[in-house]
There are 2 protein chains.
Amino acid sequence: MGLSKTEQFTEEEILIARFAKALGHPARIAILRVLLERKACICGDIVDELPLSQSTVSQHLKELKEAGLIQGDIDGKKVCYCINEQVWKQAQETLGVLFQSYTACGSSCC
Amino acid sequence: MGLSKTEQFTEEEILIARFAKALGHPARIAILRVLLERKACICGDIVDELPLSQSTVSQHLKELKEAGLIQGDIDGKKVCYCINEQVWKQAQETLGVLFQSYTACGSSCC
DNA sequence: ATTATTAATCGCAATTTTACGATAATAAAA
DNA sequence: TTTTATTATCGTAAAATTGCGATTAATAAT
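As a starting point, this report considers the structure included with it.

Quick notes on the rules
Residues numbered from 1 in each chain as written. Chains lettered and ligands numbered in written order. Predicted model: local features only at pLDDT ≥ 70, side-chain atom pairs only at ≥ 80, totals over all residues. Heavy atoms only, no water. Least-squares fit on C-alpha atoms with pLDDT ≥ 70 in both. Contact = heavy atoms within 4.5 Å. Buried area = accessible area lost by both parts, 1.4 Å probe. Salt bridge = Lys/Arg side-chain N within 4 Å of Asp/Glu carboxyl O. Polar contact = N/O pair within 3.5 Å; in protein donor to acceptor, adjacent residues only side chain to side chain. Helix = DSSP H or I, 4+ residues; strand = E, 2+ residues; numbered from the N terminus. Nonpolar A, V, L, I, M, F, W, Y, C, P; charged D, E, K, R; others polar. Buried < 20%, exposed > 50% of the residue type's maximum accessible area, 1.4 Å probe, protein only. Axes fitted to C-alpha atoms, helices over the stretch in contact; angles between N-to-C directions. Parallel < 35°, antiparallel > 145°, perpendicular 65-115°, else oblique. Left-handed = near helix turned anticlockwise from the far one by under 90°. Expected span 1.5 Å × (residues − 1).

### What to know about the relation of the copies chain B and chain A
Then step 1. Mapping chain B onto chain A calls for a rotation angle of 180° and an axial translation of 0.0 Å; the resulting RMSD is 0.0 Å. Such a combination of turn and shift is consistent with a two-fold rotation axis. For chain B, the minimum C-alpha distance to the rotation axis belongs to Ala20(B) and amounts to 2.4 Å.
Then step 2. Take the interface residues of chain B: 100% of them recur as interface residues in chain A, which is what a same-surface contact looks like.

### Quick notes on the interface of chain B and chain A
Then step 1. Across the contact, 46 residues belong to chain B and 46 residues belong to chain A.
Then step 2. For the pair chain B and chain A, the summed buried area comes to about 4300 Å², and 74% of that belongs to carbon and sulfur atoms.
Then step 3. The salt bridge involving Glu12(A) is made with Arg33(B); its shortest N-O contact spans 2.6 Å.
Then step 4. Linking chain B with chain A are four residue pairs in polar contact (both at pLDDT 80 or more), by the criterion used here.
Then step 5. Of all the secondary-structure elements, those providing two or more residues to the side of chain B that touches chain A are helix 1 (11–22), helix 2 (26–37), strand 1 (70–75), strand 2 (78–83) and helix 5 (85–100) of chain B.
Then step 6. Per-element accounting of the side of chain B that touches chain A gives the leading share, eight residues, to helix 5 of chain B.
Then step 7. The class makeup of the residues in the side of chain B that touches chain A is 28 nonpolar, 10 polar and eight charged.

### A short note on the pattern of salt bridges
Then step 1. If you walk through the whole model with that rule in mind, you get 10 salt bridges over all chains.
Then step 2. The partner of Arg33(B) in a salt bridge is Glu13(A), with the nearest N and O atoms 3.7 Å apart. On the criterion of chain membership, the pair formed by Arg33(B) in helix 2 and Glu13(A) in helix 1 (residues 11–22) is interchain, its members lying in two chains.
Then step 3. Accessibility expressed as a relative area gives 8% for Glu13(A), which makes it buried.
Then step 4. Connected via shared salt-bridge partners are Glu12(A), Glu13(A) and Arg33(B).

### Quick notes on the packing of helix 1 of chain B against helix 5 of chain B
To characterise two packed helices, one gives the angle between the axes of the helices and the distance between these axes.
All names here are of chain B.
Then step 1. Packing of helix 1 against helix 5 brings their axes to within 10 Å, and their N-to-C directions diverge by 115°. Classed by the angle they form, the pair helix 1 and helix 5 counts as roughly perpendicular. Where helix 1 crosses over helix 5, the handedness of that crossing is left-handed. Contacts from Glu 12, Leu 15, Ile 16 and Phe 19 in helix 1 reach Val 87, Gln 90, Ala 91, Thr 94 and Leu 95 in helix 5.
Then step 2. The residue makeup of the contact of helix 1 with helix 5, split by class, is six nonpolar, two polar and one charged.

### Let's talk about the environment of Gln71(B)
Then step 1. Relative to the assigned elements, Gln71(B) resides in strand 1.
Then step 2. Residues Gln71(B) and Tyr81(B), 10 residues apart in the sequence, show an inter-C-alpha distance of 5.6 Å.

### Regarding the side chain of His60(A)
All names here are of chain A.
Then step 1. Assignment of secondary structure puts His 60 in helix 4 (residues 54–66).
Then step 2. Since its relative accessible area comes to 9%, His 60 is described here as buried.
Then step 3. Polar side-chain contacts of His 60 include one of 2.9 Å to the side chain of Arg 28.

### Quick notes on helix 2 of chain B
In an α-helix, one turn spans 3.6 residues; hence positions three or four apart end up facing the same way.
Residues and elements named next belong to chain B.
Then step 1. Look at helix 2: 16 Å from first C-alpha to last across 12 residues, which is about the 16 Å you get at 1.5 Å a residue.
Then step 2. For helix 2, a buried count of 10 out of 12 residues is recorded, marking the element as mostly surrounded by other parts of the structure.
Then step 3. Every buried residue belonging to helix 2 is among Pro 26, Ala 27, Arg 28, Ile 29, Ala 30, Ile 31, Leu 32, Val 34, Leu 35 and Leu 36, and all of these are buried.

### A short note on the packing of helix 2 of chain B against helix 4 (residues 54–66) of chain B
Residue and element names in this part refer to chain B.
Then step 1. Across the interface, helix 2 lies against helix 4 with an axial gap of 10 Å and an inter-helix angle of 80°. Looking at the two axes, helix 2 sits roughly perpendicular to helix 4. Here Ala 27, Arg 28, Ile 31 and Leu 32 of helix 2 come into contact with helix 4, specifically with Val 57, His 60, Leu 61, Glu 63 and Leu 64.
Then step 2. For the contact of helix 2 with helix 4, the residue count by class is six nonpolar, one polar and two charged.

Laid out in structure tokens, this is it:
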């Protein structure tokens with residue numbers, strides 16, 4: 001059908017998936033890299049850094065913003081985007097916990 | 001158009017995005033949790049644990065498998081799935097590096 | 001006041017994802 | 001050998017994603 005039966009899963013599963021989904025496109029990783037690289041946060045020079053149109057980049061920014069990973073503040077006629085520290089760390093934490101919960105199964109699974 | 005201009009991005013950006021995308025659905029997080037929980041790896045009892053049909057779960061398993069995060073070995077008429085240690089750690093590493101590359105921008109970005 | 005610059009949004013098209021039932025395919029059990 | 005259990009795959013439908021050009025909105029510059 002196309003839409004997830006989101007209700008059926010735990011809050012944490014949904015949260016982790018939401019963060020991961022936001023990271024699930026090369027363009028958005030590239031955007032985040034630009035934002036991470038320049039400590040001072042940047043505006044729409046991001047567009048110049050990416051091989052995509054302005055509208056497409058804007059849409060990717062929107063998705064990152066909706067996941068909470070970044071925020072954008074208006075500064076004159078430009079908009080300044082940057083990592084949202086709190087949410088970034090939350091994503092780091094929740095995904096980190098998931099990854100760390102793996103303990104090599106010693107012998108022979110599969 | 002629907003498909004990413006994947007070629008335009010770096011290998012690493014594509015790799016990270018691929019891992020993240022595989023994690024980008026609550027059902028797949030739930031599946032991984034089942035796999036992580038039971039150290040010994042499990043087969044299609046996963047289906048029983050999820051609020052989705054057999055075919056849907058099978059498809060999610062396929063996507064996790066294609067991303068390399070899990071593997072499935074045939075055991076009689078059952079199939080035993082488990083985390084792929086190597087790839088799991090690679091995903092942990094690459095995503096970890098991304099998250100850690102954030103250094104709080106001290107003063108006032110945005 | 002008019003003109004440029006910047007960024008968001010709208011509308012559209014192609015593709016992908018999500019989901020399911022039904023159908024294969026495979027192997028164990030009877 | 002026929003039946004049963006397990007899992008993958010096919011076909012289909014709805015919805016979401018990706019992408020772009022064109023338009024709008026808002027601010028700065030002239």
